Amino acid sequence: MAEPRLRLRVAATAAGVLLLAVLVVPLAVPVDPQAVDLSARLLPPSWQHPFGTDDLGRDLLLRCLHGLRVSVLVGAVAAVAATVVGTTVGAVAAALGGRVDRLLMRTVDTVSAVPHLLLGIFVVALFRPGLWPVVASVAVTHWPSTARIVRAEILSLRTRPYVDAALSGGASRGRILVRHLVPGVLPQAGLAAVLMVPHAMWHESALSFLGLGLPARQASLGTLVQHARSSLLAGDWWPTLFPGLLLILPTLAIAGLAGAWRDRLSPRRRSELTL
Amino acid sequence: MTFRPDPGTGPGAHARIDPGARTRIDPGAPPRAAGPPWRPMARMAARRALSAVPVLLAVTFGVFAVAALSPFDPVKAYAGQAGLTASQAHLDELRANLGADRPLVGRWWDWLTSALTGDLGTSTVMRQPVADVIAERVGWSVLLAATAFTLAVTAGTLLGVLAARRPGGLMDRLTAAAAYVLEAAPPFWLGLLAVWVCSVSLGVLPSGGLTDAGADTVTAGQVARHLVLPALVLGVSQLPWFFLYVRQGVADALAEDPVRGARARGIAERTVLFGHALRAGMLPTLTLIGSRVPELITGALLVETVFSWPGVAAATVQAATSVDFPLLAALTVLATVAVLVGNLLSDLLYGLADPRVGFDG
């Protein structure tokens, strides 16, 4: 991009505002987002209701922010779970090598061979309803990529002199893995986890939209879009438009931040495709 | 790897008038052989088919293992409402009849052996054999996916070349920004917005289904009208990825010697863009096409549901909503097969496009 600093600033501001809105607004505004007001049904956006109201007269801005909060929480928990599983599998595979490595990597290949959303749908369909099946289904589909990254990184770390030094000092394999190798991959695994959050949110919203996700009282952004379908066919666009925009924004903000981070690590190669 | 004599550089090859022909000295370009290397390609396909067997075995077993871990009970699902009032003896009998009392491995093996004879069980939600459900619907899904993919590839190539022509220019920045936004936008949301604009506000296109309500025959004209919106949305959701790769590839190729040479000889800018830069820049992209099958399936799951398109992806969602295990299991395995075939296709294309890679994978 032409102005990397500008991009960083825009992305950081957007991410900050979103995070603030998610953390503060639902606590600071004492209005119940579920409170039904049938006299204010489907009001178009105005100063009083910037995002309008839905078919039960609930303020959409408030509902969207609550929904964003649910989406971010589910996405973050799922991303952390996937990263923990992926890091463990990748580290064990790289450290033990041989048969275990082959078996684990074949498992990774097998899980990756099933399209993500389909695998998620399958898991949620069998374990539903509730919050945890959704988190689990997103984690189950996302850990293989982290496992691959961690394994490759540990394999390259293993040949470093400090590992040889630890070995000649008499350290056991387990100790070398835990003390010397895993800490070395944590920054990369952490970056992968952060990048995974928007993807996990996307995933959760798709499941919720299909009616397989969170229950209605924990409305996420995907639930809001699904709920808006009937209003849309009557020509009321705002209940559909705004939750979708709020889904796009975090993805762009985090992609921008990650891009800036990457430019900092390797300023010469500014390919936009290698996230 | 053996090098064949290159017919493109033999005597008489330079007699052609096409100005582009003589400038193709890209060192990475394949030596022009008489035809595709069928035998290595067939060997690779056979090897991949063999290595797909353990993956498919693992996926099918995984499907059964996850179901066994879950609270899902095939007997209750089969009995439905009647299961609430039926006696325990009756339920036990049903359990024995369905084979649900047998161990996990036995159930998996039964399913696998009958699946190989074409019997995939009976769908509880569609109330017909799973094989029939798939046979009826897979054609519509292929039609939708093929139309959408053609659209994405055509539009992505054109826009990519236009954007790469002047990196950092207005066109480049606008299209790239739009691509990033589109890539982040969920396809179901794009689908709903398309319905709002084209069906609700303008009223020009139908909002869903395969034919108009009340029509009892499927005519080509009706299908075409109903195909427009879903194919457009699915295509647009696949477009950003393709566009970004073409843009990068062409922009890189434009900075290389063959292009500089072509420009120095005064060849028209359009020939340079499409004949030189695009040809070189498209290669890596074309070969990635097959590996996009998972994303295409993900998009189809959402788009087919939004537009009530009668394909296998919409059936998957219905099967999941009503926990129709036989249908869901079969469609999951079908999707895995599609992904593996896509990967093979991608590697075959890669070997064809760049002979240094070969067909050893």
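Remember, it's a predicted structure, so these values are computed and weren't measured experimentally.

Engineer: Provide a residue-level description of the overall build of chain A, including the pertinent values.
Structural biologist: When helices and strands are counted, chain A shows nine helices and zero strands. For chain A, the sequential pattern of α-helices and β-strands runs α-α-α-α-α-α-α-α-α. Principal-axis analysis of the C-alpha atoms gives chain A an extent of 75 × 50 × 30 Å. Expressed as a percentage of its 275 residues, the buried residues of chain A come to 42%. Considering only contacts in chain A between residues 6 or more positions apart, those separated by 24 or more positions represent 66%.

Engineer: Could you give me a rundown of the overall build of chain B, with the residues and numbers involved?
Structural biologist: Within chain B, the regular secondary structure consists of 14 helices and two strands. Put simply, chain B has 361 residues, and 34% of those count as buried.

Engineer: How would you sum up the UniProt feature "domain: ABC transmembrane type-1" (unreviewed entry) in chain A? Please name residues and give values.
Structural biologist: In the numbering used here, UniProt assigns the "domain: ABC transmembrane type-1" (unreviewed entry) feature to residues 68-258 of chain A. Note that residues 68-258 of chain A is 85% helix and 0% strand, and that its end C-alpha atoms are spaced 21 Å apart.

Engineer: Please set out unusual backbone geometry residue by residue, giving values where relevant.
Structural biologist: Residue and element names in this part refer to chain B. The backbone of Ser308 shows a phi angle near 50°, a positive value even though the residue is not glycine. Following the sequence through the fold, Ser308 ends up in the loop between helix H12 (293-306) and helix H13 (312-321). In the Ramachandran plot, Val323 falls in the positive-phi region, its phi being about 45° despite a non-glycine side chain. Assignment of secondary structure puts Val323 in the loop between H13 and helix H14 (325-353). Accessibility expressed as a C-beta count within 10 Å gives 20 for Val323, which makes it buried.

Engineer: Describe helix H8 (residues 221-233) of chain A, with residues and values.
Structural biologist: All names here are of chain A. A rise of 1.5 Å per residue sets the reference length of H8, with its 13 residues, at 18 Å; its end C-alpha atoms lie 19 Å apart and thus fit the reference within 8%. The largest bend in H8 comes to about 30°, at His227. Residues of H8 that are buried: Leu221, Gly222, Thr223, Leu224, Val225, Gln226, His227, Ala228 and Leu232. Gly235 occupies a position one or two residues after H8 and carries a positive phi of about 100°.

Engineer: Please set out the interface of chain A and chain B residue by residue, giving values where relevant.
Structural biologist: Listed by partner, the interface residues are 38 residues for chain A and 42 residues for chain B. Looking at the side of chain A that touches chain B, the elements with two or more residues in it are helix H3 (98-113), helix H4 (116-127), helix H7 (173-209), H8 and helix H9 (238-265) of chain A. Ranked by the residues each element gives to the side of chain A that touches chain B, the list is headed by H4 of chain A, at nine residues. The residue makeup of the side of chain A that touches chain B, split by class, is 26 nonpolar, nine polar and three charged.

Engineer: Kindly report on the UniProt feature "transmembrane region" (unreviewed entry) in chain A, identifying the contributing residues and their values.
Structural biologist: Residues and elements named next belong to chain A. As recorded in UniProt, the sites labelled "transmembrane region" (unreviewed entry) are residues 70-96, 103-125 and 241-261. Across residues 70-96, helical content stands at 100% and strand content at 0%; the span's end C-alpha atoms are separated by 39 Å. Across residues 241-261, the secondary structure splits into 100% helix and 0% strand, with the terminal C-alpha atoms separated by 31 Å.

Engineer: Explain the environment of Ser230 of chain A to me, using residue names and the numbers behind them.
Structural biologist: All names here are of chain A. Structurally, the position occupied by Ser230 is in helix H8. For Ser230, a count of 11 C-beta atoms within 10 Å gives the class exposed. Ser230 sits 123 residues away from Thr107 along the chain, and the two C-alpha atoms are 42 Å apart.

Engineer: Go over the packing of helix H1 (residues 38-69) of chain B against helix H5 (residues 104-116) of chain B, please, and point to the residues and values.
Structural biologist: All names here are of chain B. Where H1 meets H5, the axes come as close as 10 Å, and the angle between the chain directions of the two elements is 135°. By the angle between their directions, the pair H1 and H5 is classed as oblique. Between H1 and H5 lies a crossing whose hand is right-handed. From H1, Thr60, Phe61, Phe64, Ala65 and Ala68 reach across to H5, where they touch Leu104, Arg107, Trp108 and Leu112. Of the residues assigned to the contact of H1 with H5, the class counts are seven nonpolar, one polar and one charged.

Engineer: I'd like a description of the environment of Gly106 of chain B, backed by residues and values.
Structural biologist: As for its placement among the helices and strands, Gly106 of chain B is situated in helix H5. For the pair Gly106 of chain B and Ala179 of chain B, spaced 73 residues apart in sequence, the C-alpha separation works out to 49 Å.

Engineer: Talk me through the confidence of the model for chain B; I want residue IDs and the actual numbers.
Structural biologist: Residues and elements named next belong to chain B. Of the residues in chain B, 88% have a pLDDT of 70 or more, and the chain-wide mean is 81. Per-residue pLDDT stays below 50 along residues 1-25; that stretch engages in 20 contacts with residues further than four places along the chain or on separate chains. For this predicted complex, the interface score ipTM comes out at 0.86, alongside a pTM of 0.83.

Engineer: Residues and numbers for the packing of helix H6 (residues 130-165) of chain B against H13 of chain B, please.
Structural biologist: Between two packed helices, the angle of one axis relative to the other and the distance separating the axes together describe the packing. Residues and elements named next belong to chain B. Running from amino to carboxyl end, H6 crosses H13 at an angle of 130°, the nearest separation of the two axes being 7 Å. If you check the angle between H6 and H13, you find them oblique. When H6 is examined against H13, the residues Val133, Ile134, Arg137, Val138 and Ser141 are found in contact with a partner set consisting of Val312, Ala313 and Ala315. Within the contact of H6 with H13, the residues separate by chemical class into six nonpolar, one polar and one charged.

Engineer: Describe in detail the environment of Tyr180 of chain B, supporting the description with residues and values.
Structural biologist: Residue and element names in this part refer to chain B. Within the secondary structure, Tyr180 sits in helix H7 (residues 170-184). Note on Tyr180: 19 C-beta atoms within 10 Å, which makes it partly exposed. A C-alpha to C-alpha distance of 6.9 Å links Tyr180 and Pro240, two positions 60 residues apart in sequence.

Procedures and definitions
- Residues numbered from 1 in each chain as written.
- Chains lettered and ligands numbered in written order.
- Predicted model: local features only at pLDDT ≥ 70, side-chain atom pairs only at ≥ 80, totals over all residues.
- Helix = DSSP H or I, 4+ residues; strand = E, 2+ residues; numbered from the N terminus.
- Buried ≥ 20, exposed ≤ 12 C-beta atoms within 10 Å, placed from the backbone.
- Contact = placed C-beta atoms within 7 Å.
- UniProt positions renumbered as here; feature names shortened; annotations may be inferred.
- Expected span 1.5 Å × (residues − 1).
- Bend = angle between axes of the 7 residues up to and from the residue.
- Nonpolar A, V, L, I, M, F, W, Y, C, P; charged D, E, K, R; others polar.
- Axes fitted to C-alpha atoms, helices over the stretch in contact; angles between N-to-C directions.
- Parallel < 35°, antiparallel > 145°, perpendicular 65-115°, else oblique.
- Left-handed = near helix turned anticlockwise from the far one by under 90°.
- pLDDT = per-residue confidence, 0-100.

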